[in-house]
Amino acid sequence: MISIYNKNAKYKATLNYTIEEFQTEWYSDWEEGDLISATKLTNPIVDGGMIREMTREEMVENDIEVSLADGEYIENKKIKSVEKPSDLMRPLWNKDTHTWQEGMTREELMTERKNKILKYAELKKEIETLTEFSDEFESDNTVEMLKLQMQQLKKEINELLEVIKKM
């Protein structure tokens, strides 16, 4: 199936041919400047003598509604994007203010922090146990790995506390 458009990208017809088989003399409404597309286009545009679908940016410039992803908004007929902050536990895009916000409640953040503290305590006990038996077994750097995990957890616990304080 092919679709035919006039030189201004206005849809004219859909015909049951491939682009390769179609011959202009078969279509009585063919006019000089008409264009053919292998598919019917939703938002056609003529570009360099060819017909194609408009990009999202072109649609915005032509006041055609586009679907925006989280983090996107339109300003002065341009699609703008706001990077999602990495410090949010559950990022939530506010379409009205064009900002990312924390989607977790204070209680959820407190529970997450508590769970991280309990995991920290588990790692501390593991290190104590492994250290207790260090004279009996050769070291495989497990303690060092656990200490690194504890450092990361401690950082996350403190960052969560800062987020909670701001709420």
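Residues numbered from 1 in each chain as written. Predicted model: local features only at pLDDT ≥ 70, side-chain atom pairs only at ≥ 80, totals over all residues. Heavy atoms only, no water.

Colleague: Sorry if this is basic, but what is going on with the packing of aromatic side chains here?
Modeller: How two aromatic rings sit relative to each other is set out by the distance from centre to centre and by the angle between their planes. Overall, the coordinates contain 5 aromatic pairs when judged by the stated rule. Plain terms: the ring middles of tyrosine 5 and tyrosine 11 are 5.8 Å apart, the flat faces sit at 70 degrees to each other, and that makes the pair edge-to-face. For tyrosine 5, a relative accessible area of 0% translates into the label buried. A relative accessible area of 39% means that tyrosine 11 is categorised as partly exposed. Geometrically, the ring pair formed by tyrosine 17 and tryptophan 26 is tilted, given 5.0 Å between the ring centres and 40 degrees between the ring planes. The class of tyrosine 17 is partly exposed, set by a relative accessible area of 27%. In this structure an aromatic cluster arises from ring pairing among Tyr17, Phe22, Trp26 and Trp30. Positioned above the aromatic ring of tyrosine 11, the side-chain terminus of lysine 40 is 4.2 Å from the ring centre. (Phe/Tyr/Trp six-rings, centres within 6.5 Å; stacked < 30°, edge-to-face > 60°. Buried < 20%, exposed > 50% of the residue type's maximum accessible area, 1.4 Å probe, protein only. Lys NZ or Arg CZ within 6 Å of the ring centre and 35° of its normal.)

Colleague: Before we go on, may I ask you to explain the environment of valine 46 in this structure?
Modeller: Considering the arrangement of structural elements, one finds valine 46 in strand β4 (residues 44-47). Taking the C-alpha atoms as reference, valine 46 lies 6.9 Å from asparagine 8; in sequence the two are 38 residues apart. Once residues within four sequence positions are removed from consideration, valine 46 is found in contact with Lys7, Asn8, Ala9, Leu35 and Ile51. (Helix = DSSP H or I, 4+ residues; strand = E, 2+ residues; numbered from the N terminus. Contact = heavy atoms within 4.5 Å.)

Colleague: I would appreciate a short explanation of the pairing of strand β5 (residues 50-53) in the present structure.
Modeller: Where a strand is regular, its side chains alternate between the two sheet faces. As defined by bridge partners, β4 adjoins β5 across 4 bridges and the pair is classed as antiparallel. Across the sheet, aspartate 47 pairs through a bridge with methionine 50, a residue of β5. Joining the antiparallel neighbours β4 and β5 is a turn of 2 residues, in which glycine 48 adopts a positive phi near 60 degrees. (Pairing = 2+ DSSP bridges.)

Colleague: Help me understand the side chain of asparagine 43 in this model?
Modeller: Along the chain, asparagine 43 falls in the loop between β3 (35-37) and β4. Assessed through its relative accessible area of 15%, asparagine 43 is described here as buried.

Colleague: Just checking my understanding: could you explain the pairing of strand β1 (residues 2-5) for this structure?
Modeller: On β1, burial covers both faces: Ile2 and Ile4 on one face and Ser3 and Tyr5 on the other are all buried. By the bridge criterion, 4 bridges tie β1 to strand β2 (residues 11-15) in an arrangement that is antiparallel. Among the inter-strand pairings, isoleucine 2 is bridged to a residue of β2, identified as leucine 15. Linking β1 to β2, which pair antiparallel, is a turn of 5 residues; within it alanine 9 sits at a positive phi near 70 degrees. Here β1 runs beside β3; their pairing, made up of 3 bridges, is antiparallel. Paired with tyrosine 5 across the bridge in β3 is leucine 35.

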